[in-house]
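Descriptive structure summary
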Amino acid sequence: MAAADVRPLPTAVPVAIIGAGFGGIAAAHELRRTGIDHILLERADRVGGTWRDNTYPGCACDIPSHLYSLSWAPNPNWSRRFAPAAEIDAYLAEVADREQLTDRLFTGVDVGSAHWSAETSTWRLETSRGRVDCRVLVVAAGGLSQPNIPDIPGLADFPGPVLHTAHWDAAVPLEGLRVGVVGTGASAIQLVPAIVDRVSALTVFQRTPAWIFPRDDRQIPRWRQRLYARWPVSQRIVREGQYWRRELVVHAMVSRLGLLERAAEQARRRLATEVRDRDLRSRLEPDYLPGCKRALLSDDFYRTVGRDRVQVVGALERVAGRQAVTVDGDRHELDVLVLATGFEVLPPPMANRVFGLDGVSVAADWVDRGGAFLGMATAAAPNLFWLTGPNTGLGGNSMIVMIEAQARYLAQAAAAALAGDPENPRVLAVSPVVQRRYTNWIEQRMAGTVWQLGGCNSWYLDENGRVAAIWPEQTWRYRRMTRTFRSVHYEQRTPCTDR
Ligand code: NAP
């Protein structure tokens, strides 16, 4: 645990960034490169974001490490093709240190709310360590940070420990106990094989089966690490190869759904070889197109659930004392319950705490306008840039690519907002017409994709059934669209016109 940060917060800064995970670090890097003064506010005691918070056994990235790292901070020493969470966490800490981003980092700062003041053309942040005013606000609080605790009757009265994968407590013993895991998403399929040998019985509560493809994880040999360190270009070539292979997968998800049928056939054949039990096999077979929900990678999940001590049962409906009752009415006696039930994504909790013009929350404004311009800007919240906002999530490529594109864009935008007379600061609010045109385009593009047509119910959908989380195109297109900040997309006001 890092020592508590006791430095007083500055009361007024040009730019404040909320969150110091990949997004906050990328934004701070670009602002620093652009020569813009900023601070990073982090509620935890150090940088790391999701990779600091997720410490459940087996947690690792399912995007290859070379691609799941910042392009300006390659790491030749990744130990595996898919780095474990702790290694990514250490990487981020090292990058923040090396880039001297920590000088401007304030930890233990929980931002309770942010309000736009039309009087002063500033954002006012109320935080657990005092008030901060800033001219430009960058929210990099992450899309997957608030655990989703399902509303399951009786859960609060379960007599044993209840853990969420994103708030793992390694002090809770599992050895020789009967453990239930709720969910079969990306977190669950990593956790289940990692704990199976420690428990006496493992019950997996599955609501919807996932498509699972081989992960083919392996160690990166020393000679390769040395090669990457000595000739960084060799690592760049590997990264590019990984990137473009994933872009092809995204192409299938966006407009060649027939190819996904073929992928499903392959996955079914693998399921048939790895799971001999016919009944279990039929329960593990999804009835929607791969990619509609995130397609998962695992080399050992099927083998694990075929073991004697593991049962895959129906969705968890309620808890009665120690018994977990499924939708089919089956009862399973448990000592420990693990929720691998994902996150509150739509809207991210922070969007309900940031209020723009006329006190409208960003979450409400996104709903009203059907999303945000480039996923980052919305007309009712001037001088605000949101990382990993609406329709910028990915199902098939590395989020770091999107985050870097956003960081470069917002640094240009911040420079534009801060240019000129500090006594008469500029206010950049995206034009409502531009935003509407953009969100219409997103909707059009989404219409033919697997996320819309794949036949599943996923966390990518908002309460109105709109795919609000995912970017509906290949990522190179987003990079191109965000390469240059164009002031014509924004209405530029002065404090006088903003009142
Ligand atoms: P998730 O994908 O949202 O999965 C949650 C699981 O809980 C789903 O299987 C869901 O079923 C299930 N569930 C919810 N309530 C249930 C109930 N009452 N009974 C049975 N099952 C229930 O969450 P996650 O696995 O934590 O992953 C979230 C996201 O984090 C991923 O999509 C990915 O983007 C990211 N992630 C990435 C990695 C990585 O390696 N890069 C690792 C972990 C997570 P339904 O499918 O029916 O809703």
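Below: a short report on this structure. (Residues numbered from 1 in each chain as written. Predicted model: local features only at pLDDT ≥ 70, side-chain atom pairs only at ≥ 80, totals over all residues. Heavy atoms only, no water.)

1. Observations concerning the nonpolar core
F22 and V181 are the most contacted members of the largest nonpolar core, which totals 121 residues. Per-element accounting of this core gives the leading share, 14 residues, to helix α11 (residues 399-418). Setting aside residues no more than four positions away along its own chain, F22 makes contact with W51, Y68, S69, L70, I88, Y91, L92, I400 and I403. Judged by nonpolar contacts, the second largest core, of 29 residues, contains L9, I18, C134 and L357. (Core = buried A, V, L, I, M, F, W, Y, C linked by side-chain atoms within 4.5 Å. Buried < 20%, exposed > 50% of the residue type's maximum accessible area, 1.4 Å probe, protein only. Helix = DSSP H or I, 4+ residues; strand = E, 2+ residues; numbered from the N terminus. Contact = heavy atoms within 4.5 Å.)

2. Considerations on the side chain of H332
When you line up the elements, H332 lands in strand β15 (residues 331-333). The residues contacting H332, other than those within four sequence positions of it, are T203, F205, Q311, V313, R322, Q323, A324 and T326.

3. Points about the pairing of strand β6 (residues 130-139)
Counting buried positions along β6 yields eight of ten residues, so the element is predominantly enclosed. Here strand β1 (residues 12-18) pairs with β6 via six bridges, running parallel. In the sheet register, I17 faces β6, and the bridge partner there is V138. Sheet topology places strand β5 (residues 122-127) next to β6; five bridges connect them, and they run antiparallel. Its bridge partner lying in β6, E126 is registered against R131. Between the end of β5 and the start of β6, which pair antiparallel, lie two residues. With three bridges connecting them, β6 and strand β18 (residues 384-386) associate as parallel partners. By the bridge assignment for β18, V139 is matched with W386. (Pairing = 2+ DSSP bridges.)

4. Examining the pattern of salt bridges
Counted under the stated rule, the structure contains 28 salt bridges. Salt-bridge contacts for D133 lead to R124; the nearest nitrogen and oxygen are separated by 2.9 Å. Accessibility expressed as a relative area gives 33% for R124, which makes it partly exposed. When the shortest N-O distance is used, the salt bridge between R477 and E473 registers 3.1 Å. Take R477: its relative accessible area is 26%, and that puts it in the partly exposed class. Taken together, the shared-partner salt bridges connect D5, R7 and R129 into one network. (Salt bridge = Lys/Arg side-chain N within 4 Å of Asp/Glu carboxyl O.)

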